[in-house]
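Report on the structure
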Amino acid sequence: MPADRKKNQGVEEVFQELDSMVGLEKIKQLIREIYAFVEIQKKRQKEDLAFENTVLHMIFKGNPGSGKTTVARIIGRLFKEMGVLQKGHVLEIERADLVGEYIGHTAQKTREQLKKAQGGVLFIDEAYSLARGGEKDFGKEAIDCLCKGMEDNRDNLVLILAGYTDEMDWFLETNPGLRSRFPIHLTFPDYNAGELLDIADMMLRKRQYVLSAAAREELRLIIEAKSKTHQHSGNARLVRNIIERSMRRQAVRLIGKNGLTREDLMTITREDMLKAREDL
């Protein structure tokens, strides 16, 4: 297969995975814009036209379970297929992986993580925690080291800093040079009740389970109830926890029965969902 055709096929497969994600329409649109812009700059360069050296470091803002890590992995694969990154792997780390216990330790740890991430994406969750200790905290040293690493490896490394929206906004204000280094900001909204039900259906299909009509209605009631009492109710982690608990409850209900059919083994009932709700 010719290289260009193979590349186009790889890119298309990545976009199919992105499009299969529930919701996140603005995120999907922005990623397609980034792809188009990078490709057009390459074509302009070939034609000796003025072109932009695209900086692809990003800020991801949003609550846990809103799709940030999944999208980071998709971006890694996309940039690999485009030839922007050599490997496209995603190294997921947090403060403890960067901040050391004594002078000089932090810079060493941070350089090690940057080296591991070469050719791919370095994804730092709860990145704002690096600035919480103040001037004397080693987190500031990690930030400085990351900034230098971004510059030194700008052609083969993408850095994504992620966290809650308000905390990330505060974090960017603590270091005046940070915002300009991250030109791409993606805000991940919480999922609404309908989207969470769609996510539940996808999770169940992958596992070859189905919800009875009554179980689906019970799940909807659980999601709506949680949205009134839980700060991060609109995220996929909540749904995953409910689905996994209902699967275990179904197993307990079925284990002593004989003559189970394929349908029995696949179906989550309202009884299973009610029991799962008790565990929340």
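Quick note: structure is the one above.
These lines cover the structure that appears in this document, whether it is placed above or below.

Cut-offs and rules
Residues numbered from 1 in each chain as written. Predicted model: local features only at pLDDT ≥ 70, side-chain atom pairs only at ≥ 80, totals over all residues. Heavy atoms only, no water. Helix = DSSP H or I, 4+ residues; strand = E, 2+ residues; numbered from the N terminus. Contact = heavy atoms within 4.5 Å. Areas by Shrake-Rupley, 256 points an atom, 1.4 Å probe, with all protein chains shown as cover. Buried < 20%, exposed > 50% of the residue type's maximum accessible area, 1.4 Å probe, protein only. Pairing = 2+ DSSP bridges. Right-handed = clockwise from strand over helix to strand, strands pointing away. Axes fitted to C-alpha atoms, helices over the stretch in contact; angles between N-to-C directions. Expected span 1.5 Å × (residues − 1). Arc of directions from axis to C-beta. Left-handed = near helix turned anticlockwise from the far one by under 90°. Nonpolar A, V, L, I, M, F, W, Y, C, P; charged D, E, K, R; others polar. Phe/Tyr/Trp six-rings, centres within 6.5 Å; stacked < 30°, edge-to-face > 60°.

Remarks on the overall build of the protein
Scanning the protein for helices and strands turns up 12 helices and 7 strands. Counting contacts in the protein only where the partners sit at least 6 residues apart, residues at least 24 apart contribute 73% of the total. About 15500 Å² of surface is accessible on the protein, with carbon and sulfur atoms providing 48% of the total.

Some remarks on the pairing of strand β3 (residues 121-124)
Because side chains alternate across β3, one face comprises the buried residues V121 and F123, and the other comprises L122 and I124, equally buried. Relative to β3, strand β2 (residues 90-93) runs parallel, the two sharing 4 bridges. Looking at the pairing, V90 lines up with V121 of β3. For the segment spanning β2, helix α4 (residues 105-117) and β3, crossover handedness is right-handed.

Section: unusual backbone geometry
The phi angle at L24 is positive, at roughly 55 degrees, despite the residue not being glycine. Relative to the assigned elements, L24 resides in the loop between α1 (3-20) and α2 (25-46). By relative accessible area, L24 is classed as buried at 6%. Even without being a glycine, D48 presents a positive backbone phi close to 60 degrees. Along the chain, the position of D48 falls in the loop between α2 and β1 (58-62). D48 sits in the exposed class, given a relative accessible area of 72%.

Section: the sheet that holds β2
Strands in a sheet are paired, the pairing made by backbone hydrogen bonds, and the direction either parallel or antiparallel. As summarised here, the arrangement of the 5 strands in space is β2-β3-β4-β1-β5, forming an open sheet in which the pairing is parallel. Sheet topology places β2 and β5 (184-188) at the edges, where each strand pairs with a single neighbour. Across the sheet, the axes of successive neighbouring strands diverge by a mean angle of 20 degrees, strand direction being ignored.

Some words on helix α10 (residues 236-254)
For α10, with 19 residues, the first-to-last C-alpha span of 27 Å sits near the 27 Å given by 1.5 Å per residue. The set of residues buried in α10 consists of A236, L238, V239, I242, I243, S246, M247, Q250 and L254. Buried residues of α10 fall within an arc of 165 degrees about the axis and therefore sit on the same side. Away from its buried face by more than 90 degrees, α10 exposes R248 and V252.

Some points on the packing of α4 against helix α5 (residues 139-152)
At a minimum axis distance of 9 Å, the contact between α4 and α5 shows a crossing angle of 35 degrees. Handedness of the α4/α5 crossing: right-handed. Counted together, T106, A107, T110, R111 and L114 of α4 and E141, A142, C145, L146 and G149 of α5 form the full contact between these two elements. When the residues that make up the contact of α4 with α5 are grouped by side-chain class, the tally is 5 nonpolar, 3 polar and 2 charged.

With respect to the packing of aromatic side chains
Applying the stated criterion to the full structure yields 4 aromatic pairs. Seen in terms of ring centroids, F60 and F188 are 5.0 Å apart; in terms of plane orientation they differ by 50 degrees. Their pairing is tilted. Here F188 lies in strand β5 and F60 lies in strand β1, a separation of 128 residues in the sequence. Summarising the burial analysis for this pair, F60 and F188 share the class buried. Residues Y128 and Y164 carry aromatic rings whose centres are separated by 6.3 Å and whose planes lie at 40 degrees to one another, so their mutual orientation is tilted. In this pair, Y128 sits in the loop between β3 and α5 while Y164 sits in the loop between β4 (158-163) and α6 (165-174), placing the two residues 36 residues apart along the sequence. The exposure class of Y128 is buried, given its relative accessible area of 4%. Each residue in the set F60, F123 and F188 is aromatic and connected to the rest through ring pairs, giving one cluster.

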